[in-house]
Amino acid sequence: MGRREALAADGVRQGRLFARTYQAFLAYGDRSRPLLDRQHERLSALLTRVLRTVPALRARGVTPGDDPFATLARLPTMTKQQIRDDYRGHFAEDIDPRDCASVVTSGTTGVPLKIVHNSEHFVHVNALALRRALEWGLPLDRKVLRPFKSEADGWLEYTVPSAGFLRYGEFGFVTDEAAIARRCLEFGPDVVFTHPSRALALRDMLAPHGVLRPRVVQTFGEQLTDAARQAISEHFQAPVRDCYGVNEASTVAAQCPEHGRYHIEGERVWVEIVDDDGNPLPDGVEGDIVVTNLFNTVMPFVRYRTGDVGALSAERCPCGREQKVLRLITGRQHGAIALPDGSRTDVLRLVKLIERFPVERLQVVQDSRESLTVLVRPAAGCTDDDLRRAADAATAALHGRLPVRLRRARPDEFTESRAGKHLNFVSLMEN
Ligand SMILES: [Zn+2]
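This one's a predicted model, so the numbers in the text were calculated from it and none came from an experiment.

### Focus: the packing of aromatic side chains
- Across all of its chains, the model carries 10 aromatic pairs by this definition.
- Ring geometry for Tyr 87 against Phe 91: centres 5.2 Å apart, planes inclined by 75°, an arrangement best described as edge-to-face.
- Judged by its relative accessible area of 13%, Phe 91 is buried.
- When the centroid spacing of 5.6 Å and the interplanar angle of 70° are considered together, the rings of Trp 155 and Phe 187 count as edge-to-face. A residue pair is termed long-range when its members are at least 10 positions apart, and Trp 155 in strand E4 (residues 155-160) and Phe 187 in helix H7 (residues 177-187) qualify at 32 residues.
- Taken together, the ring pairs in this structure connect Phe 148, Trp 155, Phe 171 and Phe 187 into an aromatic cluster.
- We note Arg 131 situated over the ring of Phe 25; from NZ or CZ to the ring centre the distance is 4.2 Å.
- Above the face of the Phe 187 ring, Lys 143 is positioned so that its terminal group lies 5.6 Å from the ring centre.

### With respect to the side chain of Ser 119
- The topology assignment puts Ser 119 in helix H6 (residues 119-135).
- In this structure the side chain of Ser 119 is engaged in a polar contact, spanning 2.4 Å, whose partner is the side chain of Asp 99.
- Here Ser 119 is in contact with Leu 17, Arg 20 and Asp 99, once residues within four sequence places are set aside.

### Some thoughts on the side chain of His 263
- Looking at where His 263 falls in the secondary structure, it is placed in strand E10 (residues 262-264).
- Looking at His 263, its side chain comes within polar contact range of the main-chain oxygen of Gln 323, at 2.9 Å.
- In this view, His 263 contacts Val 252, Ala 253, Ala 254, Cys 256, Cys 317, Cys 319, Arg 321, Gln 323, Lys 324 and Val 325; residues no more than four positions away in its chain are not counted.

### Considerations on the pattern of salt bridges
- Applying the stated criterion to the full structure yields 26 salt bridges.
- Arg 389 is the partner of Asp 386 in a salt bridge, and the nearest nitrogen-oxygen pair spans 2.8 Å. Linking Asp 386 with Arg 389, this pair stays in helix H11 (residues 384-397), spanning 3 residues, or about one helical turn.
- When its relative accessible area of 42% is taken as the criterion, Arg 389 is described as partly exposed.

### Here we look at the domain arrangement of the protein
- If you check the domain split of the protein, you get domain 1 (3-249 + 293-302) and domain 2 (336-427).
- Each of domain 1 and domain 2 has a C-alpha centre, and the two are 26 Å apart.

### Structural notes on the coordination of the zinc ion
- Within the first shell, the zinc ion binds the protein through Cys 256 (SG), His 263 (NE2), Cys 317 (SG) and Cys 319 (SG), at distances of 2.1 to 2.3 Å.
- Seen from the zinc ion, its 4 donor atoms lie at angles of 98 to 117°, and the figure they make is tetrahedral.
- Relative accessible area serves as the criterion here: at 2%, Cys 256 is assigned to the buried category.

### Points about the pairing of strand E12 (residues 287-293)
- Most of E12 is tucked away: 6 of the 7 residues are buried.
- Strand direction decides the pairing type here: strand E11 (residues 269-274) and E12, joined by 6 bridges, are antiparallel. In the sheet register, Val 269 faces E12, and the bridge partner there is Asn 293.
- Alignment of E12 against strand E13 (residues 304-312), held across 4 bridges, turns out to be antiparallel. Bridged to Val 291 within E13 is Tyr 304.

### Concerning H7
- Turning to H7, its buried residues are Ile 180, Ala 181, Cys 184 and Phe 187. The arc that holds the buried residues of H7, viewed along the axis, is 125°, so those residues lie on one side.
- Tucked into the core, H7 has its buried residues touching strand E3 (143-146), E4, strand E5 (166-171) and helix H8 (196-206).
- Its side-chain oxygen 3.3 Å from the backbone nitrogen of Ala 178, Asp 176 forms the N-cap of H7.
- Looking one or two places after H7, you find Gly 188, whose phi comes out positive at around 55°.

### Points about the pairing of E3
- Two strands pair when backbone bridges link them, and E3 and E5 are joined in this way by 4 bridges, in the parallel orientation. Each residue of the ladder has a partner; that of Val 144, found in E5, is Tyr 168.
- Bridging between E3 and strand E6 (residues 191-194) involves 2 bridges; their strand directions are parallel. By the bridge assignment for E6, Leu 145 is matched with Val 192.

### Topic: the nonpolar core
- If you look at the biggest cluster of nonpolar residues, it comprises 49 residues, and the most contacted ones within it are Val 252, Val 271, Val 291, Val 302 and Leu 326.
- In this structure, Leu 326 is in contact with Tyr 244, Ala 253, Tyr 262, Ile 264, Val 271, Ile 273, Ile 289, Ala 311 and Leu 312, ignoring residues within four places of it in sequence.
- Counting 26 residues, the second-largest nonpolar core is a separate cluster that includes Ile 337, Phe 357, Val 364 and Val 376.

### A look at the sheet that holds strand E18 (residues 372-378)
- An order of E19-E18-E17-E20 is seen for the 4 strands of this open sheet, with the pairing classed as mixed. Looking at strand neighbours, the two that pair on one side only are strand E19 (404-408) and strand E20 (425-427), the edges of this open sheet. Along the sheet, successive strands turn relative to each other by an average axial angle of 25°, direction set aside.
- Pairing analysis gives 3 bridges linking strand E17 (residues 359-366) to E20, with the strands arranged parallel. Paired with Val 365 across the two strands is Val 426, which belongs to E20.
- Lying on the sheet, helix H10 (residues 347-354) is in contact with E17, E18, E19 and E20; it crosses E17 at an angle near 150°.
- The sheet strands contacting H11 are E17, E18 and E19, and the helix crosses E19 at an angle near 150°.

### Points about the packing of H8 against helix H9 (residues 226-236)
- With their axes 10 Å apart at the nearest point, H8 and H9 run at an angle of 40° to one another. On the basis of their axis angle, the class for H8 and H9 is oblique. Where H8 crosses over H9, the two elements pack in a sense that is left-handed. Judged by residue contacts, Pro 196, Ala 199, Leu 200, Leu 202, Arg 203 and Leu 206 of H8 engage Ala 228, Ala 231, Ile 232, His 235 and Phe 236 from H9.

About the criteria used
- Residues numbered from 1 in each chain as written.
- Predicted model: local features only at pLDDT ≥ 70, side-chain atom pairs only at ≥ 80, totals over all residues.
- Heavy atoms only, no water.
- Phe/Tyr/Trp six-rings, centres within 6.5 Å; stacked < 30°, edge-to-face > 60°.
- Buried < 20%, exposed > 50% of the residue type's maximum accessible area, 1.4 Å probe, protein only.
- Helix = DSSP H or I, 4+ residues; strand = E, 2+ residues; numbered from the N terminus.
- Lys NZ or Arg CZ within 6 Å of the ring centre and 35° of its normal.
- Polar contact = N/O pair within 3.5 Å; in protein donor to acceptor, adjacent residues only side chain to side chain.
- Contact = heavy atoms within 4.5 Å.
- Salt bridge = Lys/Arg side-chain N within 4 Å of Asp/Glu carboxyl O.
- Domains from an automatic or database assignment.
- Donors = N, O, S within 2.8 Å, 3.2 Å for Na, K, Ca; no water.
- Tetrahedral: all angles 85-135°; square planar, octahedral: opposite > 155°, others 65-115°.
- Pairing = 2+ DSSP bridges.
- Arc of directions from axis to C-beta.
- Core = buried A, V, L, I, M, F, W, Y, C linked by side-chain atoms within 4.5 Å.
- Axes fitted to C-alpha atoms, helices over the stretch in contact; angles between N-to-C directions.
- Parallel < 35°, antiparallel > 145°, perpendicular 65-115°, else oblique.
- Left-handed = near helix turned anticlockwise from the far one by under 90°.

Here is the structure:
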């Protein structure tokens, strides 16, 4: 099934969700109940259910008590590796496949892992995204441009009913820059929704062809540096609003439109900062970010270690929103490949391209400006020819400016971060 057919099939599923999404959207507009009450209720419902239906959680022998936060504290944190080691044990036994959709985690957090969400998860993700759009002054039928979206070749437009009939325009690897730039300008998006590095790549691609004036540039997936924020905002003449999220929980925190701080999406996720042993740390103290997805009862993420480091702010944001503020210490840094002419290009585009081939794990390593090596652990059935084609595609994606070599690597050859996290990209060059 091609991308277009898959989207059409998904559109039918999403269309069924829209009524629920819109109801949840309206309910979120009612702020008469304190957030903490709603979190208490939600967490209680989640734990009462999943401690009974999910074998890996049931095995902890914890009985839900009256205080769901106390119950939660009795559960150990979980890592992606633990889930991988007991994959089936992390699914509810009463799963209804018709109510589920899966996403595959990107390579940024390690070997890809298939995450399954239930419709309740998507309903609330979309309802809060609608709420946010409204706060940003965007229409509900907003047009959203997703540049360099790797699943698509060429230009693709489609409507997402469950998200309030928003219209996506996206493109993947670009062979004809002028043609794609023209499509972007004709589309006239309200929002550019992308990684910071791709927003900059979009700027470079569009510059010779015209001016794009979105109302907001929404970034995610990488650490947004001040320099990148300024460059993006200046070029598009629009505010840059950054989000922090993980595939296991979708958006975890989004920037306050008034003060720029990252408000936790507390209606959907419960965030803790913990030490190495999983003990919660007080507000203001740095530690590992642990999230509990309050709505996914099918493949629950309860006290899930994101691999990122941060702190909960002890102070409330001056905007008055109830949602706590998360201070990110190390966000996602995908890095940029240095090209021989001194320019840089987004490594994630290359990673996504190579992920189309049968490889289980990959890491881009740059040790000079003249060549690039990609370490790969091939999947079962991967042939030398697959690897050769992947290398050719990667070299072509860099417009032949840098030859890309693929090499089969042993597990211990992959460099990991100090926190033991998989890295997409390792640069061995000075600065
Ligand atoms: Zn705020």
